[in-house]
Amino acid sequence: MKRGTQLVCLLLCAALLAGCVPAKQTEESVTAPDSSGAAVDFQSSPEPVLTEQALSEIKALGESPDDNYRTWYEIFVYSFCDSDGDGIGDLQGVISKLDYLQNLGITGIWLMPIHPSMSYHKYNVSDYYAIDPDYGTMEDFETLLAECEKRNIRVILDLVVNHTGSDHGWFREAVSYLQALGDGEPDTAQCPYFDYYNFTREAKNGYTQVPGTDWFYESQFSPDMPDLNLDCPLVRQEIDAVMAFWLDKGVAGFRLDAAKEFHSGNADKNIEVLSWLQETAAAHRPDVYLVAEVWDAFSTITTFYQSGITSIFDYPFGDSGGKIITVLRNAGNAGTVSTYATALEKANAAYSGANPNYIDAPFLSNHDVGRIAGFCSGDALKTKLAGAMNLFMSGSVFVYYGEEIGMVGSGNDPSKRAPMYWNADRDSGTTNPPPGCELPDSYPFGSLEEQAGDDTSVYNYYRQAIAIRSAIPAISHGQTTAETNLNKGCVSAFRKSCDLGECIVLMNIDFSPAQVDLTGYEGWTLAAKLSADGNAITLDGAALTLPAFGTAVLVPAA
Ligand code: CA
């Protein structure tokens with residue numbers, strides 16, 4: 001995907017808009033929200049983006065729901081923040097940025113692998129019970145957990161158990177055994193590790209020869225990533241022990257790497273493994289959060305939800321071919337735009353049909369795919385609305401580090417994992433890109449430092465979108481249906497309903513302003529507005545005006 005480098009004139013954007021005018025309740029006084037009782041911070045917003053109505057709903061709830069419907073932030077530790085000047089990000093660096101993440105509204109962190117590994121990305125683990133020395137120590141990790149707990153931020157780890165690193169002790173033992181075996185038949189009583197992997201004397205696709213033998217081992221991703229045999233009871237015991245070790249430390253759960261390759265090409269067996277992982281992890285921590293990577297189409301993800309797994313990344317909505325970017329590419333085309341709300345409804349119905357307790361896991365980009373701002377060709381309005389489309393999906397939403405400032409990055413994998421762009425001089429945070437990373441000459445929206453004080457920046461839009469998401473729990477918790485009466489032209493409208501409340505989200509996916517007739521919705525009030533271009537979102541009688549790429553949220557009147 002071509003990287004967007006177009007500079008966007010943020011000067012066109014004016015400040016966010018003033019408070020609400022509830023439908024047919026114009027006498028109701030509107031006062032500035034008291035942020036002290038809410039979980040959100042409006043200090044740098046010139047005007048409230050949430051109305052008194054929404055804030056009173058939050059207060060009625062007491063505290064934010066303490067569950068797994070969260071706003072997660074994916075961190076590649078290597079590229080996030082370096083605390084000791086060796087050029088590689090580390091856990092102390094992450095700790096130093098927790099206030100930043102809390103201020104952004106983040107309530108969960110997914111750490112990409114942190115265990116010792118031969119690779120810069122660390123997806124080939126050599127020891128599941130330790131911290132890679134590049135990243136710090138176990139004490140650093142325990143400090144990170146304690147500091148996250150103070151901020152109501154949960155932490156999940158990347159659990160990479162489709163394969164180990166080829167330098168893992170289990171694999172080295174098995175290889176040494178086979179090399180000494182000669183022509184004999186292996187005996188797992190002599191070497192249990194022979195059964196930990198998938199060895200065969202048959203040369204097959206996805207297999208690598210064991211040096212000095214006529215044996216081959218399964219290695220679907222690369223020769224230094226031997227696939228574990230997840231049918232082996234001893235391997236299951238090992239995984240159980242690894243999960244227990246980290247859950248006992250206070251980790252909230254795991255992101256399950258490469259779940260579609262546990263048994264490549266065999267969905268039934270993969271579903272069995274996922275069911276086992278869910279039950280086994282929940283036995284250690286009943287509210288454990290597991291999110292599986294099943295990089296596939298809608299029908300496959302629906303099938304995999306039959307495992308009972310809590311979450312599966314919602315690839316059909318994210319990435320360059322996903323629904324969100326497809327709709328944004330067709331902004332202004334009513335025929336395409338109107339399918340967004342119905343796609344949300346369809347996914348909700350299918351996933352919940354397979355697993356009534358599922359929690360959707362939407363995302364726009366991750367470490368394996370190009371960054372979303374590049375797919376938006378550096379267009380600020382599309383980049384912003386892409387963020388809101390993701391953040392206003394139900395479930396546990398994931399934000400990839402740097403997405404909140406519209407970083408771009410595509411091409412080879414390291415280029416998707418560039419250092420967080422804290423400041424324009426690139427002398428803060430971390431300075432050393434991962435090997436092979438090609439840095440863009442410039443980023444379309446500037447660094448965090450440049451964006452932080454600009455209320456119209458992508459960064460402050462993300463903060464406001466996350467604040468709205470946390471303030472109106474129906475956005476994250478609701479079952480989604482298309483709001484057919486309002487889902488017209490280039491306005492996508494969908495309703496969220498749950499026992500925490502109800503809301504209707506309206507998004508104008510067009511370069512022109514839209515007028516929405518709210519006749520028949522007299523019982524609803526305008527609770528939140530999110531302007532992408534700085535123009536006003538207004539309600540005059542029953543006439544709602546949404547500027548280009550503007551978003552409004554209605555809630556039932558109190
Ligand atoms: Ca470092």
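Residues numbered from 1 in each chain as written. Predicted model: local features only at pLDDT ≥ 70, side-chain atom pairs only at ≥ 80, totals over all residues. Heavy atoms only, no water.

## Structural notes on the overall build of the chain
Stage number 1. Each helix and strand in the chain was counted, giving 17 helices and 18 strands.
Stage number 2. When its C-alpha atoms are laid out on the principal axes, the chain stretches across 90 × 50 × 40 Å.
Stage number 3. With 558 residues in all, the chain has 60% of them scored as buried.
Stage number 4. Sequence-distant contacts, at least 24 apart, represent 69% of the contacts inside the chain between residues at least 6 apart.
Stage number 5. Total accessible area on the chain stands at roughly 20,000 Å², and carbon and sulfur atoms take up 48% of it.
Stage number 6. In the chain, 34 side chains carry a positive charge and 73 a negative one; their mean positions are 5 Å apart. (Helix = DSSP H or I, 4+ residues; strand = E, 2+ residues; numbered from the N terminus. Buried < 20%, exposed > 50% of the residue type's maximum accessible area, 1.4 Å probe, protein only. Contact = heavy atoms within 4.5 Å. Areas by Shrake-Rupley, 256 points an atom, 1.4 Å probe, with all protein chains shown as cover. Lys, Arg positive; Asp, Glu negative; His and termini not counted. Charge placed at Lys NZ, Arg CZ, Asp CG, Glu CD.)

## What to know about unusual backbone geometry
Stage number 1. The backbone of K122 shows a phi angle near 70 degrees, a positive value even though the residue is not glycine.
Stage number 2. Residue position: K122 is located in the loop between β2 (108-111) and α5 (138-150).
Stage number 3. Not every positive phi belongs to a glycine, and S377 is a case in point at roughly 55 degrees.
Stage number 4. Its place among the elements puts S377 in the loop between α13 (372-375) and α14 (380-391).
Stage number 5. Judged by its relative accessible area of 41%, S377 is partly exposed.

## Let's talk about the coordination of the calcium ion
Stage number 1. D82 (OD), D84 (OD), D86 (OD), I88 (O) and D90 (OD) make up the full set of protein donors to the calcium ion, lying at 2.3 Å.
Stage number 2. Given a relative accessible area of 13%, D82 falls into the buried group.
Stage number 3. A residue is classified by how much of its surface remains accessible, and D84, at 53% relative accessible area, is exposed. (Donors = N, O, S within 2.8 Å, 3.2 Å for Na, K, Ca; no water.)

## Examining the domain arrangement of the chain
Stage number 1. Annotation of the chain at the domain level lists domain 1 (73-161 + 238-319 + 356-468) and domain 2 (169-218).
Stage number 2. Across the contact, four residues belong to domain 1 and four residues belong to domain 2.
Stage number 3. Of the roughly 300 Å² buried between domain 1 and domain 2 on both sides combined, carbon and sulfur atoms contribute 51%.
Stage number 4. It is Y128, E238 and S264 in domain 1 that bury the most area against domain 2; as a group they hold 82% of the surface buried on that side.
Stage number 5. The tally of links from domain 1 across to domain 2 stands at zero salt bridges.
Stage number 6. In this structure, the connection of domain 1 to domain 2 is made through one residue pair in polar contact (both at pLDDT 80 or more).
Stage number 7. Residues belonging to the side of domain 1 that touches domain 2 are distributed by class as follows: one nonpolar, two polar and one charged. (Domains from an automatic or database assignment. Buried area = accessible area lost by both parts, 1.4 Å probe. Salt bridge = Lys/Arg side-chain N within 4 Å of Asp/Glu carboxyl O. Polar contact = N/O pair within 3.5 Å; in protein donor to acceptor, adjacent residues only side chain to side chain. Nonpolar A, V, L, I, M, F, W, Y, C, P; charged D, E, K, R; others polar.)

## A short note on α14
Stage number 1. Helix length check: α14, at twelve residues, gives a terminal C-alpha distance of 16 Å against a target of 16 Å (1.5 Å per residue), a fit within 8%.
Stage number 2. Counting buried positions along α14 yields twelve of twelve residues, so the element is predominantly enclosed.
Stage number 3. All buried positions along α14 are accounted for by A380, L381, K382, T383, K384, L385, A386, G387, A388, M389, N390 and L391.
Stage number 4. Capping of α14 at its N-terminal end is provided by D379; its side-chain oxygen lies 2.9 Å from the backbone amide nitrogen of L381. (Expected span 1.5 Å × (residues − 1).)

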